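A closer look at the structure
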Amino acid sequence: MKKHLIVVAHPVEDSFTMSLARTYVGELIRTGCDVRVHDLYRMGFDPVLSARELIDGKDVHIRMADVLIAQEDVLAADVVTVVYPLWWMSMPAMMKGYIDRVFSRGFAYEVEQGNVRGLLSGRRAAVVTVSGAPLAALVEDGRWQALELLQDTHIFGAAGFEFVGHLHIDEVGPAMSPSAAAADLSRVREFVREHFASVPAA
Ligand SMILES: Cc1cc2nc3c(=O)[nH]c(=O)nc-3n(C[C@H](O)[C@H](O)[C@H](O)COP(=O)(O)O)c2cc1C
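Now for the overall build of the chain. Scanning the chain for helices and strands turns up seven helices and seven strands. Ordering the α and β elements of the chain from the N terminus gives β-α-β-α-α-β-α-β-β-β-α-α-β-α. Relative to a compact globule of 202 residues, whose C-alpha radius of gyration would be 17 Å, the chain shows 17 Å and is just as compact. Projecting the C-alpha coordinates of the chain onto the three principal axes gives extents of approximately 55 × 40 × 30 Å. With 202 residues in all, the chain has 43% of them scored as buried. Excluding contacts between residues fewer than 6 apart, the proportion of contacts in the chain whose partners are at least 24 apart in sequence is 78%. Taken as two groups, the 19 positive and 26 negative side-chain charges of the chain have centres that lie 5 Å from each other.

Below you can see the structure in the form of structure tokens.
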């Protein structure tokens, strides 16, 4: 049974992002996967990489208890999926802090003679994001390509993951119709089935 870790960052429990994460988790469970969730706001995760975690500015990490627990879950996972809304075309600070602290040097990557070597190889990663703007507008002026390069390729590539895919749900906002929301949640279920399911759709 494949083990999945879902890491989600949204402060509002009934936000679209959270319902999307719940749909993703539900579909994984339905297909027989083992799922663990890091719901960062509800966990009260501390996203601030503190001075205590860096010695003499040399980027040598002391691992705090919360980080050690999170890292155990990353190590146990076959697939890690991060779910977040695009805020200023990036991840919320909460998610960025999780990456900063949990994907630490010596755990997620090592630097040898100036080269970065990922330490989490053998695992797969996926990204699920939400934006207010239409995807076409983001692609047109290069914002989307910048995001893919920095958030997908750089972070997960540096850590050694095989990148499975990035599902993006666009034009999310208060004016969204219930039918558009339902169609978006169907896309989430399809993404899960396409990449991870061994059980056929109901
Ligand atoms: C602080 C903040 C910054 C945002 N920045 C962007 C942005 O740069 N581009 C974009 O398309 N949407 C942006 N949005 C909209 C969100 O990506 C998202 O579509 C919206 O919050 C609705 O999803 P939710 O119900 O899960 O919050 C931003 C929202 C917030 C709160």
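Of all residues adjacent to the ligand, which total 13 residues, the nearest are His10, Thr17, Leu86, Trp88 and Ala133. Backbone polar atom of Trp88 to a nitrogen atom of the ligand: 2.8 Å apart, as the coordinates give it. Its free accessible area being 620 Å², the ligand has 68% of it covered by the protein chains. Looking at the shell around the ligand residue by residue, the classes come out as eight nonpolar, five polar and no charged.

Our focus in this paragraph is the pairing of strand S3 (residues 79-85). Consecutive residues of a regular strand have side chains that alternate between opposite faces of the sheet. In terms of burial, S3 is largely enclosed, as seven of its seven residues are buried. What you see with S3 is no split at all: Val79, Thr81, Val83 and Pro85 on one side and Val80, Val82 and Tyr84 on the other are buried throughout. Of the pairings in the sheet, the one linking strand S1 (residues 3-8) to S3 comprises five bridges and is parallel in character. Among the inter-strand pairings, Val7 is bridged to a residue of S3, identified as Val82. In terms of strand pairing, S3 meets strand S6 (residues 124-130) through seven bridges, oriented parallel. Bridged to Val79 within S6 is Arg124.

Within the fold, Thr31 resides in the loop between helix H1 (16-30) and strand S2 (34-39). Among the residues examined, Thr31 registers a relative accessible area of 3% and is labelled buried. For Thr31, the side chain forms a polar contact with the main-chain oxygen of Leu28, separated by 2.8 Å.

In this section: the pairing of S1. Burial of S1 is extensive: five of the six residues sit out of reach of the surface. In the sheet, S1 pairs with S2 via six bridges, with the strands oriented parallel. Bridged to His4 within S2 is Val35. Following the backbone out of S1, through H1 and into the adjacent parallel S2, one traces a crossover that is right-handed.

Attention shifts here to the pattern of salt bridges. What the rule picks out here adds up to 10 salt bridges. When the shortest N-O distance is used, the salt bridge between Arg193 and Glu27 registers 2.9 Å. Of this pair, Arg193 sits in helix H7 (residues 178-196) while Glu27 sits in helix H1, and the two are 166 residues apart along the sequence. In this structure, the salt-bridge partner of Asp66 is Arg101, at a minimum N-O distance of 2.9 Å. Of this pair, Asp66 sits in helix H3 (residues 65-76) while Arg101 sits in helix H4 (residues 93-102), and the two are 35 residues apart along the sequence. Look at the salt bridges and you will find they share partners, linking Glu27, Arg30 and Arg193 into a network.

Cut-offs applied
Residues numbered from 1 in each chain as written. Predicted model: local features only at pLDDT ≥ 70, side-chain atom pairs only at ≥ 80, totals over all residues. Heavy atoms only, no water. Helix = DSSP H or I, 4+ residues; strand = E, 2+ residues; numbered from the N terminus. Rg over C-alpha atoms; globule rule 2.2 N^0.38 Å. Buried < 20%, exposed > 50% of the residue type's maximum accessible area, 1.4 Å probe, protein only. Contact = heavy atoms within 4.5 Å. Lys, Arg positive; Asp, Glu negative; His and termini not counted. Charge placed at Lys NZ, Arg CZ, Asp CG, Glu CD. Near = heavy atom within 4 Å. Polar contact = N/O pair within 3.5 Å; in protein donor to acceptor, adjacent residues only side chain to side chain. Areas by Shrake-Rupley, 256 points an atom, 1.4 Å probe, with all protein chains shown as cover. Nonpolar A, V, L, I, M, F, W, Y, C, P; charged D, E, K, R; others polar. Pairing = 2+ DSSP bridges. Right-handed = clockwise from strand over helix to strand, strands pointing away. Salt bridge = Lys/Arg side-chain N within 4 Å of Asp/Glu carboxyl O.

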